[in-house]
Amino acid sequence: MHVYALSLEKGGCGKTALAVNIAAAFQQLGLRVLLIDLDAQASATHWLGVDSDTLQPDASVLGVLNDAMKNRVSAQSLRSRVRETAEGMHLLAAHGMMASLPAQLSSAPLGGLFLLKQAFADLAQVADTYDIVVLDLPPARGPVLAMALAAATRCLAPVQSEDLVVRALNALITSVQQIQANGVNPDLQVSIIRNKYAPRSTADRVFDQLLRDHYARQMVRSVFPIRAALRDSAAMQQSVFRYTGPDATEVRTLFLQLIEELVALDGRADAIEAK
Ligand SMILES: Nc1ncnc2c1ncn2[C@@H]1O[C@H](COP(=O)(O)OP(=O)(O)O)[C@@H](O)[C@H]1O
Ligand SMILES: [Mg+2]
């Protein structure tokens, strides 16, 4: 089971857009995919057609984490709250009440650091478990990010050329290094994905060079330009694999190329490969 955490402490960079469509792309490969929306804004939840306003808080991520804090068996707790989306992938939805999650985790033993890691360890024991878990994160540092990084196999950071992005990226790399160094998750990997890239813009080319100078090893080859399909498919509550508007085919190809890169880095993580 591979766990990809979309993270960057800066809103609007494409964490949710990439989380939804990376999950959908893995689904296209025939893998069993679970998307967990850890952002109280519930953008990924809405994108996948679930109305978080009518959801009971207990039917969201909150229910699973509350169970985990009470030491209840996590795999079953998680599976009972997961819903199948129109895309075919499974979703553990977010809820607005998750705004209080950082405070709740902070008062839990060890800041709730191991709650998701334990839940995934339990989940991995179940026979027909998930191959891929994708975590969509809020644009913030703190206990939710730490909990996600403790449980992830690879952190994916979408970046666009903007003033605050380099700072956010440096902060994220520091968080990852802390999680690796203190033994919580020594194997955690990081990949940086350029999003909303405009090759003709001087600012974007300068930013690109800056990234290469500092993070050449972590950068993936796939680059996502600004495309209407990535914005408009959200309003249609569809991944680009279901959406049929302009640019959809091009963007689908880009996501398939990206997950090909991830498969080359991490392996396919499904039963076929294990045999
Ligand atoms: N490559 C892109 N081209 C066009 N629009 C994009 C692209 N990537 C993301 N968007 C749009 O930009 C907005 C912010 O992206 P989002 O994924 O919500 O960022 P984050 O989750 O990091 O806050 C959304 O409306 C999203 O649909
Ligand atoms: Mg988001």
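As the structure is a computational prediction, the values presented were derived from the model and not from experiment.

Draft legend 1. Seen up close, the overall build of the protein chain. When its secondary structure is counted, the protein chain shows twelve helices and eight strands. For 275 residues, the compact-globule estimate of 2.2 N^0.38 gives 19 Å, and the protein chain sits close to it at 18 Å. In terms of overall dimensions, the protein chain has C-alpha extents of about 55 × 45 × 40 Å along its principal axes. Here the protein chain, with 275 residues, has 48% of them falling under the buried criterion. Long-range pairs, those at least 24 residues apart, make up 77% of the contacts in the protein chain with a sequence separation of at least 6.

Draft legend 2. Quick look at the nonpolar core. Core analysis: the largest hydrophobic core is formed by 90 residues, its most contacted members being Ala-5, Ile-22, Leu-135, Ala-148 and Leu-149. It is helix H1 (residues 15–28) that provides the largest number of residues to this core, a total of nine residues.

Draft legend 3. Region of the structure containing helix H7 (residues 143–151). In terms of burial, H7 is largely enclosed, as nine of its nine residues are buried. Taken together, the buried positions of H7 are Pro-143, Val-144, Leu-145, Ala-146, Met-147, Ala-148, Leu-149, Ala-150 and Ala-151. Close packing links the buried residues of H7 with strand S1 (2–6), helix H5 (101–106), helix H6 (115–124), strand S5 (132–136), strand S6 (154–159) and helix H8 (163–181).

Draft legend 4. View of helix H10 (residues 228–235). Among the residues making up H10, those that are buried are Ala-229, Leu-230, Ser-233 and Ala-234. For H10, the arc enclosing every buried residue in end-on projection is 135 degrees, short of the 170-degree limit, so these residues lie on one face. Along H10, the residues that are exposed and aim more than 90 degrees away from the buried face are Ala-228, Arg-231 and Ala-235. Elements that come into contact with the buried residues of H10 comprise H1, helix H2 (43–47) and helix H11 (248–266). Among the residues trailing H10, Gln-237 stands out with phi positive, at a value near 55 degrees.

Draft legend 5. View of the sheet that holds S6. One open sheet accounts for eight strands, arranged S3-S4-S2-S5-S1-S6-S7-S8; its pairing is mixed. Whereas interior strands pair on both sides, the edge strands pair on one side only; in this sheet they are strand S3 (83–84) and strand S8 (219–225). Relative to strand S4 (residues 90–92), S3 runs antiparallel, the two being bridged by two bridges. Residue pairing for S4: Arg-83 is matched across the bridge by Leu-91. Packing against the sheet, helix H9 (residues 202–215) makes contact with strand S7 (189–197) and S8, and its axis sits at approximately 175 degrees to S7.

Draft legend 6. Summary view of the site of ligand 1. As a structural note, the neighbourhood of ligand 1 is formed by 17 residues, with Gly-14, Lys-15, Thr-16, Ala-17 and Leu-230 the closest of them. Mapped onto the shell around ligand 1, the elements with two or more residues apiece are H1, S7 and H10. Broken down by class, the residue content of the shell around ligand 1 amounts to seven nonpolar, six polar and four charged.

Draft legend 7. The arrangement of the packing of H1 against H11 in detail. One way to put it is that H1 packs onto H11 with a least axis distance of 9 Å and a crossing angle of 75 degrees. The orientation of H1 with respect to H11, classified from their angle, is roughly perpendicular. Residues Asn-21, Ile-22, Ala-25 and Phe-26 of H1 lie in contact with H11, whose contacting residues are Phe-255, Leu-256, Leu-258 and Ile-259. Taken together, the residues that form the contact of H1 with H11 break down as seven nonpolar, one polar and no charged.

Draft legend 8. View of the pairing of S6. When you tally the buried positions in S6, you get five out of six residues, the bulk of the element. For S1 and S6, the ladder comprises three bridges, and the chain directions are parallel. Among the inter-strand pairings, Tyr-4 is bridged to a residue of S6, identified as Arg-154. Sheet topology note: the S6/S7 ladder contains six bridges and is parallel.

Draft legend 9. Representation of the pairing of S1 within the structure. Counting buried residues along S1, five of its five residues qualify, which places the element largely inside the surrounding structure. Side chains His-2, Tyr-4 and Leu-6 project from S1 onto one buried face, and the interleaved Val-3 and Ala-5 project onto a second face that is buried too. Relative to S5, S1 is paired through five bridges, and the arrangement is parallel. Note that in S5 the partner of Ala-5 across the bridge is Leu-135.

Quick notes on the rules
Residues numbered from 1 in each chain as written. Chains lettered and ligands numbered in written order. Predicted model: local features only at pLDDT ≥ 70, side-chain atom pairs only at ≥ 80, totals over all residues. Helix = DSSP H or I, 4+ residues; strand = E, 2+ residues; numbered from the N terminus. Rg over C-alpha atoms; globule rule 2.2 N^0.38 Å. Buried ≥ 20, exposed ≤ 12 C-beta atoms within 10 Å, placed from the backbone. Contact = placed C-beta atoms within 7 Å. Core = buried A, V, L, I, M, F, W, Y, C linked by C-beta atoms within 7 Å. Arc of directions from axis to C-beta. Pairing = 2+ DSSP bridges. Axes fitted to C-alpha atoms, helices over the stretch in contact; angles between N-to-C directions. Near = placed C-beta within 6 Å. Nonpolar A, V, L, I, M, F, W, Y, C, P; charged D, E, K, R; others polar. Parallel < 35°, antiparallel > 145°, perpendicular 65-115°, else oblique.

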